[in-house]
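# Inside the fold
Spelled out, the chains give:
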Amino acid sequence: MKSYNHSAIEKKWKKKWGNNLYKTPDKKKGAENFYLLTEFPYPSGNLHVGHWYAFAVPDILARYLRMNGKNVLYPIGFDAFGLPAENAALKRGLNPRKWTDGNIAYMRKQLRSMGASFDWSREVVTADPAYYRWTQWLFLQLFKRGLMYRKKTEVNWCPKDKTVLANEQVKDGKCERCDTEVEKKQMEQWNIKITDYAERLLKDLDSVDFPEEIKAAQRNWIGKSEGATVKFQITEHKTQTNHGTQNKKEVEVFTTRPDTLFGVSFIALAPSHSLAKDVKNLRAINPANNDEVPVFVADYVMDDYGTGAVMGVPAHDERDREFALKNNIPIKNADFASTEIVGKFSTKTIQYKLHDWTVSRQRYWGVPIPLIKCEKCNWVAVPENKLPVKLPEIKDYVPTGDGKSPLAKADKWKRVKCSSCGASAERETDTLDTFVDSSWYFLRYTDPKNKKEFAGRAKMDAWLPVDFYLGGAEHTTMHLLYSRFWHKALFDLGLVADKEPYARRMNRGLILGPDGHKMSKSRGNVVDPDEEVKRLGADTVRMYLAFIGPYGETGSYPWDKGGIAGIRRFLERVWRLQSKLEMYEAKHTVVLQSVLHQTIKKVGEDISALKFNTAISALMVLANALEKETSISREDFSVFVRMLAPFAPHMAEELWGTAKCGNGSVHRASWPAYDAQKTESESVTIVVQVNGKVRGSFSAARDISEANAFSQAEKLPAVSVWLSDKIISKRFFVKNKLVSFVTS
Ligand code: ANZ
Ligand code: ZN
């Protein structure tokens, strides 16, 4: 037996498997389809441990399901457009396309080193014109449906990235990408009416299998509030000079507590409210009791929520109280208004915290928005036969900061004829937010080469909805929400069959550096997976990451050098089991058979539950038992190797071959079945009590009869002393557990 040479084995099998082993047909006879999706990576340039955790560990599930007769689609691609790639390229003075293409080529190689069972023939790259042509086409379908609109709004502007950000991309007032303080700017932008779908995005959460935290986070983000609007008439203050103005003004407030109407002590407006300028001269009249109350401008009133105006009820609201005390406003204490009164002076309304999705970006590296601005016709769609609108190669792609995309300088590209009236017109020069690209990539995986449609309906129907979607917790209120919306919009257009894209979702945990902190170059705690693969092998790295903790719980796990060394030693022990292989059927003790069948059961159940760590522990227990045997039958060895295959695909393939376990690849073999009877331990320990006290115990064959149990128990010396000269008045028997005597 040769010693375990991981690099030779891994190289050999990667080459032999090539691109064909995991090519997934749309239909396979007798096999149900299963779509296992993990969020595709940004081509950032180098695979880190987090990528391994994201792709190599779910591969265990993909392989297990295949061995259990499922036709599993486990695709991969690259989320290639967008800020991260562009910023990285700019930092190096490189063209974003060149940089991105180079990274993708490198990452493909690295991804292959994992030995993951991706179907590479379905690879999708969002910066590829063959892909973004359909991003543009889908965008236009939504545009024609009236779901896109242009509006001058206060937007989040990142002064460093020099672009607009969606609300979801701002974390604690800072740019999610570069951590710079975000500024507010008035700009005209393209928005998508995701708020039209707020109610459905909420309601349909009931129909999907997402963990409660994810549902709660989305519900919170959508932020539904049921309340009412109330109109207050505005009167000009006595000191107002231009008396005689009769134009009636009113201010509308949104409240969740219309029953506190009698306690209104003031009205507060957001600083950008249309009446804010004249506020010193204004008084508001409470419609319920004609009380006149002062009007203020207050910072705590948000301009983009409700009506941008609040009725201040300091007796019942903390912030209102604080404001009233600070501004010496008399606090009104009053009874609650009855539902009848409330009904007369208010209109029931529902408010959402969710905002429409701002999708235009003033950056080069994205999908050109396929619209044309014509003086006469306003915004016109680029005709479908002119798609894709290709992103032009330009020299100066550095963001300008003047609120315009670098594409605005691409004069030749920009000038077009209006597709409606033929007059000279200009292209939209903003590009689309990357989250538009990723809102439908999983559809394209079902039909990646289609030139006529974004994906054929029959192919989509064969795979959708996604059976199981794994990803990062950071996407809960971004990608996961956007793509649910996008799918619903496509559903309404009759383009997809389901209301929801993902049947089940799970967020994975985080791998920390050996010091327990997030891996980062500045901390010097980054573990390079390539080095680990070189040193210990991909099988060890995969198995170690699977062993590090339960996958489906969003915990964080520090990388442990001792832990990975332990896994390596385990695999070496597995390797040495070969030496015990017999040429003939070995006679094994019942105990080994029970361990074997218990392991089959446990490993299968644990993999299904994403508890890869305890599945590996069970394999370790079995390996211990096998080591104790003088010889191992080929049959038992084959069971072990098949269970090893999802975790350590290269070693398992090698052992499968050398031990002549079966024809073809172990990855085409089926998962071993267990015998339920054998999973039960063959011997049991029976405890013996006399008058309620434990006096002894004995080991017996499982399911020993009551009569035999009593006679064996009575014979135990430690028991018989307590029974001699006594009359046994009662006997109890609990099957496989207990014998109890009562004497009189
Ligand atoms: C009077 C009142 C009395 C209120 C009371 C609350 C308690 P949610 O649940 O988040 O929807 N509000 C309305 N628009 C606002 C804005 N643009 N900026 C800041 N605050 C605003 O909160 C709704 C409540 O927040 C509303 O109900 C309003 O204050 C305030 F005992 O009206 B309430
Ligand atoms: Zn025109």
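Rules behind the numbers
- Residues numbered from 1 in each chain as written.
- Chains lettered and ligands numbered in written order.
- Predicted model: local features only at pLDDT ≥ 70, side-chain atom pairs only at ≥ 80, totals over all residues.
- Heavy atoms only, no water.
- UniProt positions renumbered as here; feature names shortened; annotations may be inferred.
- Helix = DSSP H or I, 4+ residues; strand = E, 2+ residues; numbered from the N terminus.
- Buried < 20%, exposed > 50% of the residue type's maximum accessible area, 1.4 Å probe, protein only.
- Contact = heavy atoms within 4.5 Å.
- Salt bridge = Lys/Arg side-chain N within 4 Å of Asp/Glu carboxyl O.
- Domains from an automatic or database assignment.
- Core = buried A, V, L, I, M, F, W, Y, C linked by side-chain atoms within 4.5 Å.
- Donors = N, O, S within 2.8 Å, 3.2 Å for Na, K, Ca; no water.
- Tetrahedral: all angles 85-135°; square planar, octahedral: opposite > 155°, others 65-115°.
- Pairing = 2+ DSSP bridges.
- Axes fitted to C-alpha atoms, helices over the stretch in contact; angles between N-to-C directions.
- Parallel < 35°, antiparallel > 145°, perpendicular 65-115°, else oblique.
- Nonpolar A, V, L, I, M, F, W, Y, C, P; charged D, E, K, R; others polar.
- Near = heavy atom within 4 Å.
- Polar contact = N/O pair within 3.5 Å; in protein donor to acceptor, adjacent residues only side chain to side chain.
- Areas by Shrake-Rupley, 256 points an atom, 1.4 Å probe, with all protein chains shown as cover.

An unreviewed UniProt entry lists the protein under the name Leucine--tRNA ligase. Entered under Sequence similarities (unreviewed entry) in the UniProt record, the comment concerning the protein runs "Belongs to the class-I aminoacyl-tRNA synthetase family." Recorded in UniProt under Catalytic activity (unreviewed entry), the annotation for the protein is "tRNA(Leu) + L-leucine + ATP = L-leucyl-tRNA(Leu) + AMP + diphosphate".

Moving on, we get to the environment of Leu37. Among the secondary structure elements, Leu37 is positioned in strand β1 (residues 33-38). In this structure Leu37 comes out as buried when scored by relative accessible area, which is 0%. Put simply, Leu37 and Pro58 are 21 residues apart on the chain and 8.9 Å apart in space, counted from C-alpha to C-alpha. The contacts of Leu37, once residues within four sequence positions are left out, are Pro75, Tyr441, Phe442, Tyr445, Val466, Phe468, Tyr469, Leu470 and Tyr502.

What follows concerns the pattern of salt bridges. Within this structure, the stated rule accounts for 37 salt bridges. The shortest N-O distance in the salt bridge between Arg504 and Asp209 comes to 3.8 Å. Residue Arg504 is found in the loop between α15 (479-492) and β25 (505-507), and its partner Asp209 is found in the loop between α7 (198-203) and α8 (212-222); the two are separated by 295 residues along the sequence. Residue classification places Asp209 among the partly exposed positions, given a relative accessible area of 45%.

Moving on, we get to the domain arrangement of the protein. A common way to express how large an interface is: the accessible area buried when the components associate. Assigned domains of the protein: these are domain 1 (224-352) and domain 2 (682-743). If you average the C-alpha positions of domain 1 and of domain 2, the two centres end up 81 Å apart.

In terms of nonpolar packing, the biggest core is built from 179 residues, with Trp357 and Phe454 touching the most fellow members. In terms of nonpolar packing, the next biggest core, distinct from the first, is built from 19 residues, Ile234, Val251, Leu269 and Val293 among them.

Let us now look at the UniProt feature "short sequence motif: 'HIGH' region" (unreviewed entry) in the protein. The sites that UniProt annotates as "short sequence motif: 'HIGH' region" (unreviewed entry) are residues 41-51. Taken end to end, residues 41-51 comprises 27% helix and 0% strand; its first and last C-alpha atoms sit 8 Å apart.

Let us now look at the coordination of the zinc ion (ligand 2). On the protein side, the zinc ion (ligand 2) has Cys374 (SG), Cys377 (SG), Cys418 (SG) and Cys421 (SG) as donor atoms, found 2.2 to 2.4 Å from it. Each of the 4 donor atoms around the zinc ion (ligand 2) contributes to a set of angles spanning 104 to 113°, which defines the coordination as tetrahedral. Spacing between the donor residues of the zinc ion (ligand 2) along their common chain follows C-x2-C-x40-C-x2-C. With a gap of 44 residues between them, Cys374 in strand β19 (residues 371-374) and Cys418 in the loop between β21 (415-417) and β22 (424-427) connect regions that are remote in the sequence.

With respect to topology, 4 strands assemble into an open sheet ordered β2-β1-β24-β25, the strand pairing being parallel. The strands lining the two open edges of the sheet, one partner per strand, are β2 (71-73) and β25. Across the sheet, the mean angle from the axis of one strand to that of its neighbour is 20°, orientation sign disregarded.

Another point: the packing of helix α1 (residues 6-17) against helix α22 (residues 649-658). At a closest axis distance of 9 Å, the pairing of α1 and α22 adopts a crossing angle of 85°. The orientation of α1 relative to α22 falls into the category roughly perpendicular. Between α1, through Ile9, Glu10, Lys12, Trp13, Lys14 and Trp17, and α22, the contact on the second element is made entirely by Pro649, His650, Met651, Glu653 and Glu654. Considering only residue class, the contact of α1 with α22 consists of 5 nonpolar, 1 polar and 5 charged.

Our next topic: the site of ligand 1. Around ligand 1, the structure places 17 residues, and the nearest of them are Ser225, Thr255, Met302, Tyr305 and Lys353. Met302 places a polar main-chain atom, nitrogen or oxygen, 2.8 Å from a nitrogen atom of ligand 1. When ligand 1 sits alone it has 650 Å² of accessible area, and the protein chains cover 86% of it. Put simply, the parts of the chain that give the shell around ligand 1 at least two residues each are β11 (249-255) and β15 (309-312). Among the residues making up the shell around ligand 1, the classes are represented as 8 nonpolar, 5 polar and 4 charged.

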